[in-house]
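Structural features, examined
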Amino acid sequence: MFNTHNRPRIMLATACLLVASIGSLPSVAQTKRSPVAPNRERVEAAVREAYEKFRSDTNGKNADYIPYLAQVDSKMFGIAVVTTDNQVVTLGDVNYSFSIQSISKVFTLALAMGELGPDKVFEKIGSEPTGRPFNSPLAVVDMPTHTGNPLVNAGAIATTSLIPGRNAAEKWNKILDFYSRAAGEKLVLIDEVYKSEAATNTGNKALSYLLAKYDRIYADPFESVDIYTKQCSVGVNATQLARMGATLANNGINPATGEQVIKSEDIPHILSTMTMAGLYDGSGGWAWRVGLPAKSGVGGGIVAIAPGKGAIAVFAPPLDEAGNSVKAQEVIDYVAQQLNYNLYSPSSVGLK
Ligand code: GLN
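Residues numbered from 1 in each chain as written. Predicted model: local features only at pLDDT ≥ 70, side-chain atom pairs only at ≥ 80, totals over all residues. Heavy atoms only, no water.

Considering the overall build of the protein chain
Where we set the bar: Elements are defined by DSSP. Helices are runs of H or I of four residues or more, strands are runs of E of two residues or more, and each kind is numbered from the N terminus. What makes two residues a contact is simply this: any of their non-hydrogen atoms within 4.5 Å. Calculation of accessible area relied on Shrake-Rupley with a 1.4 Å probe; when residues are assessed, cover is drawn exclusively from the protein chains displayed.
Of regular secondary structure, the protein chain possesses 15 helices and eight strands. Across the protein chain, the fraction of contacts at a sequence separation of at least 24, relative to all contacts at a separation of at least 6, is 71%. Counting only carbon and sulfur atoms, one obtains 55% of the accessible surface of the protein chain, whose full area is about 13,900 Å².

Next comes the structure, spelled out in structure tokens:
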């Protein structure tokens with residue numbers, strides 16, 4: 001079994017033990033099976049091949065502007081696929097809890113839409129790619145909306161500020177509960193990550209005040225940054241992240257619990273936003289190569305969504321210049337090709 005806390009060192013021991021471990025949560029209340037959910041053997045083979053192909057790639061570097069992230073073992077590597085019919089295929093370090101970081105932005109966007117409706121969220125935040133780094137103050141100044149989109153820091157902090165609640169604690173609990181329902185398991189804050197980021201997030205505080213200058217933040221700026229910092233510090237493992245993604249792939253229904261977590265009519269807005277901005281200034285190249293909505297986090301996770309089929313989540317800390325995990329991009333690109341997931345390819349719907 002490979003889905004334990006062990007390290008790649010142990011996994012290197014023998015290639016013949018490389019077997020994707022498969023499991024499913026006990027209570028599956030799935031009512032409708034997607035007609036395009038992929039065949040289990042093909043998923044297992046693709047995951048195994050990708051793991052072997054990219055395990056020794058040492059390109060990229062851990063994020064270090066959040067001190068905690070610089071200390072994370074950069075050799076860790078885990079892959080999880082969860083399909084819309086709740087098949088679970090995992091390999092590598094898939095039980096290690098890493099900080100969700102920017103991937104949280106997707107789920108706060110979903111929660112904001114659930115609370116306020118998509119039109120209001122679009123009016124308050126917008127959905128234009130910035131073409132700039134995720135933490136760019138220049139984008140706030142330049143973009144006509146100032147917020148840009150919900151997946152860059154400024155737009156994300158503003159999206160967090162939209163979550164209703166009588167006080168900060170109520171807003172935060174609502175966010176954490178929502179993420180947990182998307183994951184199908186109770187998620188918790190990694191306190192050390194939160195403390196490490198809260199002590200160093202002057203850039204995000206500056207963004208929040210810049211937004212205030214343009215009337216584009218909708219609650220107290222520093223309170224919003226604090227809640228945002230907490231949401232980025234939520235711990236997930238690769239399997240939980242894949243299940244959060246599979247909830248998006250499955251029209252908002254968590255494939256493990258059967259709960260409609262996100263309204264189905266909100267899903268296209270979320271996925272299109274992920275396509276345009278999920279990998280920041282790497283989003284265009286990603287869409288060109290892979291053709292799947294995805295979201296990265298500087299904690300080393302990326303989740304990609306194949307609508308109606310499933311989600312691929314990969315955890316590997318070293319990042320490229322834009323802040324996207326190098327190995328996660330390689331693995332998802334490979335697995336998506338093997339499974340014919342590219343949305344823009346006619347073969348993704350069976351046309352040869
Ligand atoms: N919490 C991080 C930040 O605000 C998230 C950035 C990311 O994952 N790209 O900088």
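That covers the picture; the talk isn't over yet.
Comments concerning the packing of helix H9 (residues 191–198) against helix H11 (residues 221–232)
Applied cut-off: Note on method: axes are straight lines fitted to C-alpha atoms, helices fitted across the in-contact stretch only, with angles between N-to-C directions ranging 0 to 180 degrees. Between 65 and 115 degrees an angle is taken as roughly perpendicular, under 35 as roughly parallel, over 145 as roughly antiparallel, and anywhere else as oblique. In this scheme, a crossing is called left-handed if the near helix is turned counterclockwise away from the far one by less than a right angle; it is called right-handed if the turn is clockwise. Under the scheme applied, nonpolar residues are Ala, Val, Leu, Ile, Met, Phe, Trp, Tyr, Cys and Pro; charged residues are Asp, Glu, Lys and Arg; polar residues are all the others, including Gly.
Look at H9 against H11: their axes get within 9 Å of each other, and the N-to-C directions meet at 140°. For the element pair H9 / H11, the angle class is oblique. Of the two elements, H9 crosses H11, and the hand of that crossing is right-handed. Across from Tyr194, Glu197 and Ala198 in H9, the residues of H11 making contact are Asp226, Thr229, Lys230 and Cys232. Its residues assigned to classes, the contact of H9 with H11 shows three nonpolar, one polar and three charged.

Let's talk about the site of the ligand
Spelled out, the test is: The nearness test applies per residue and asks whether one of its heavy atoms lies within 4 Å of the molecule or strand. Definition of a polar contact: a pair of N or O atoms within 3.5 Å, with one able to donate and the other able to accept a hydrogen when the atoms are protein atoms, and with sequence-neighbouring residues admitted only if both atoms are side-chain atoms.
Surveying the vicinity of the ligand reveals the residues Tyr65, Gln101, Ser102, Phe134, Asn153, Glu197, Asn204, Tyr228, Cys232, Tyr280, Gly297 and Val298. At a separation of 2.6 Å, an oxygen atom of the ligand approaches a polar side-chain atom of Tyr65. At 2.8 Å, a side-chain N or O of Asn204 approaches an oxygen atom of the ligand. Bound to the protein, the ligand loses 99% of the 300 Å² it would expose on its own. Taken together, the residues that form the shell around the ligand break down as six nonpolar, five polar and one charged.

Description of the nonpolar core
The nonpolar side chains of soluble globular proteins are, as a tendency, buried together. Selection rule: Note on terminology: a nonpolar core comprises buried Ala, Val, Leu, Ile, Met, Phe, Trp, Tyr and Cys residues joined through side-chain atoms within 4.5 Å. Only protein chains enter the calculation, and the probe is 1.4 Å; a residue is then buried if its accessible area is under 20% of its type maximum, exposed if over 50%, and partly exposed in between.
Ranked by size, the top nonpolar core spans 63 residues in total, and within it Phe107, Met244, Leu248 and Ile270 carry the most contacts. Not counting chain neighbours up to four residues away, the residues in contact with Ile270 comprise Val106, Leu109, Ala110, Met113, Leu248 and Ile262. The next biggest cluster of nonpolar side chains, apart from the first, holds 30 residues, and it includes Leu91, Leu279, Leu292 and Ile302.

Observations concerning the confidence of the model for the protein chain
Under the convention used in this document: As a per-residue measure, pLDDT reflects the predictor's confidence and takes values from 0 up to 100.
Overall, the prediction assigns the protein chain a mean pLDDT of 91, with 89% of residues at 70 or greater. For residues 1–31, every residue scores under 50 in pLDDT, and the model assigns this stretch 71 contacts once sequence neighbours within four places are set aside.

Let's talk about the pattern of salt bridges
Where we set the bar: Salt bridge criterion: a side-chain nitrogen from Lys or Arg within 4 Å of a carboxyl oxygen from Asp or Glu.
Scanning the entire structure with this criterion turns up twelve salt bridges. The salt bridge involving Asp73 is made with Lys75; its shortest N-O contact spans 3.9 Å. Arg181 serves as the salt-bridge partner of Asp177, at 3.6 Å between the closest nitrogen and oxygen. Of this pair, Asp177 and Arg181 both sit in helix H8 (residues 168–183), four residues apart, roughly one helical turn. A relative accessible area of 41% places Asp177 in the partly exposed class.

Some remarks on the packing of helix H4 (residues 104–116) against H11
The geometry of H4 relative to H11 is characterised by a closest axis approach of 9 Å and an angle of 120° between their N-to-C directions. With respect to each other, H4 and H11 are oriented oblique. In this structure, the crossing between H4 and H11 has a hand that is right-handed. Every residue of H11 that contacts H4 at Ser104, Lys105 and Thr108 is listed here: Tyr228, Gln231 and Cys232. Grouping the amino acids of the contact of H4 with H11 by side-chain chemistry returns two nonpolar, three polar and one charged.

Things to note about the pairing of strand E8 (residues 310–315)
Put simply, the rule reads: Strands were regarded as paired on the criterion that DSSP finds at least two bridges between them.
Of all the six residues making up E8, six are buried; the element is thus mostly covered by neighbouring parts of the structure. Of the pairings in the sheet, the one linking strand E2 (residues 78–83) to E8 comprises six bridges and is antiparallel in character. Across the sheet, the residue bridging to Gly78 is Phe315, located in E8. Relative to E8, strand E7 (residues 301–306) is paired through six bridges, and the arrangement is antiparallel. What sits directly across from Ile302, in E8, is Val314. If you look at the hairpin formed by E7 and E8, you'll find three residues sitting between the two strands, and Gly308 has a positive phi there, around 80°.

A look at H11
Since one α-helical turn is 3.6 residues long, residues separated by three or four positions face the same way. The condition that has to hold: To estimate the expected span of a helix, subtract one from its residue number and multiply by 1.5 Å.
If you check H11, its first and last C-alpha atoms are 16 Å apart, about what twelve residues at 1.5 Å a residue would give, namely 16 Å. Judged by how many residues are buried, H11 sits mostly within the fold: nine of twelve residues are covered. Among the residues making up H11, those that are buried are Pro221, Ser224, Val225, Ile227, Tyr228, Thr229, Lys230, Gln231 and Cys232. Close packing links the buried residues of H11 with strand E4 (98–99), H4, helix H7 (153–162), H8, H9 and helix H10 (202–213). Taking the backbone nitrogen of Phe222 as reference, a side-chain oxygen 3.3 Å away marks Asp220 as the first, capping residue of H11.

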